[in-house]
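Structure at a glance
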Amino acid sequence: MANSEKYDKILDALQVLLENKKMQSISVSEIAQTAGMGKGSIYYYFPSKDAILDALIVRTYEKPVQTARNLARETDISPFTRMAMIFQACRNSSSAFLKSEGNATEGAREKAFLHQRYLHYMISGLKPSLAEIIRQGTRTGDIHFDYPDALAEIVLLVLTVKLDNTLVPSTREETEYTIRALVALLEKGTENPAGSLDFLMTR
């Protein structure tokens, strides 16, 4: 069996266990048993149970991060169009996360723990690409802003927190209202006419 197959079997085992158990109550021995391998094999690939969870989150939600990386290289596309595509990737990822979470039985503390890992991955994974797209926009004159990394972080914090909808629970209308306000701030901060970036609200 190839090493990559064993690696994936470990992640698959944790994913199966999380469908019915809390992360805190799952042991490395249980993961090994579910994966059909010895406990020592687990530690060959991962130093801890938390490291397995981090790898599972990366595998599950890698697509939007990879999409952002690819978009950062597509310099022939308008920076705002690429930002809209990242917005949509965030929406899709949040929907997928909330759907998978709805099937789990863990309590509030466990959900908060999983959310924290997910949000950290999404923000840290998307920020470099979004900041690069903003920098490209400043070089072409489409964007006028002196702090691309900070702007990328602000946008991602608002998007992920609002779309995740657990830290500050909101109705769909309230979430859309906040994102519309974010778009308005982007227009003002990047010196674009009011309403010109409404397409960033892509659903």
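What you see is a predicted model, and the numbers here were worked out from it, not measured in a lab.

**Observations regarding the environment of Asp-146**
Among the secondary structure elements, Asp-146 is positioned in the loop between α7 (108–140) and α8 (148–164). The class for Asp-146 is exposed, based on a relative accessible area of 67%. Spatially, the C-alpha atoms of Asp-146 and Ile-134 are 9.9 Å apart, while their sequence positions differ by 12 residues.

**Topic: the environment of Ser-93**
If you trace the backbone, Ser-93 turns up in helix α6 (residues 79–102). Ser-93 gets classed as buried once you look at its relative accessible area, which sits at 5%. The spacing of Ser-93 and Tyr-118 is 25 residues in sequence and 9.9 Å in space, taken between C-alpha atoms. Beyond its immediate sequence surroundings of up to four residues, Ser-93 is in contact with Tyr-61, Pro-64, Tyr-118 and Met-122.

**Some details on unusual backbone geometry**
Positive phi values are uncommon outside glycine, yet Glu-191 reaches one of about 60 degrees. Along the polypeptide, Glu-191 turns up in the segment after α9 (172–189).

**As for the packing of aromatic side chains**
Under the counting rule described, the total for this entry stands at five aromatic pairs. With a centroid separation of 5.0 Å and 70 degrees between ring planes, the pair formed by Tyr-61 and Tyr-118 is classed as edge-to-face. One end of the pair, Tyr-61, is in the loop between α4 (49–60) and α5 (62–73); the other, Tyr-118, is in helix α7, and 57 residues separate them in sequence. In this structure Tyr-118 comes out as buried when scored by relative accessible area, which is 1%. By way of ring pairs, the aromatic residues Tyr-7, Tyr-44, Tyr-45 and Phe-46 are connected into one cluster.

**Comments concerning the pattern of salt bridges**
Going through the model one piece at a time under the given rule, you end up with 10 salt bridges. Across the pair Asp-149 and Arg-135 runs a salt bridge, and its minimum N-O distance is 3.0 Å. Here the residue Asp-149 occupies a position in helix α8, and Arg-135 occupies one in helix α7, the gap between them amounting to 14 residues. With relative accessibility at 25%, the residue Arg-135 sits in the partly exposed group. Notably, a salt bridge pairs Asp-198 with Arg-180, separated by 4.0 Å at the nearest N-O pair. Of the two residues, Asp-198 sits in the segment after α9 while Arg-180 sits in helix α9, which places them 18 residues apart along the sequence. Of the residues examined, Asp-198 reaches a relative accessible area of 37% and is grouped as partly exposed. Overall, the relative accessible area of 41% leaves Arg-180 in the partly exposed class.

**Notes on helix α2 (residues 28–35)**
Listed in full, the buried residues belonging to α2 are Val-28, Glu-30, Ile-31, Ala-32 and Ala-35. Immediately beyond the C-terminal end of α2, within one or two residues, lies Gly-36, with a positive phi of roughly 75 degrees.

**Notes on the confidence of the model for the protein**
The predicted model of the protein has a mean per-residue pLDDT of 85, with 90% of residues at 70 or higher. Across the protein, element-level confidence peaks in α2 with a mean pLDDT of 95 and bottoms out in α6 with 78.

**What to know about the side chain of Arg-117**
Note on placement: Arg-117 falls in helix α7. Within polar-contact distance, the side chain of Arg-117 engages the side chain of Asp-54 at 2.5 Å. Not counting chain neighbours up to four residues away, the residues in contact with Arg-117 comprise Asp-50, Leu-53, Asp-54 and Ile-57.

Reading the values: rules and limits
Residues numbered from 1 in each chain as written. Predicted model: local features only at pLDDT ≥ 70, side-chain atom pairs only at ≥ 80, totals over all residues. Heavy atoms only, no water. Helix = DSSP H or I, 4+ residues; strand = E, 2+ residues; numbered from the N terminus. Buried < 20%, exposed > 50% of the residue type's maximum accessible area, 1.4 Å probe, protein only. Contact = heavy atoms within 4.5 Å. Phe/Tyr/Trp six-rings, centres within 6.5 Å; stacked < 30°, edge-to-face > 60°. Salt bridge = Lys/Arg side-chain N within 4 Å of Asp/Glu carboxyl O. pLDDT = per-residue confidence, 0-100. Polar contact = N/O pair within 3.5 Å; in protein donor to acceptor, adjacent residues only side chain to side chain.

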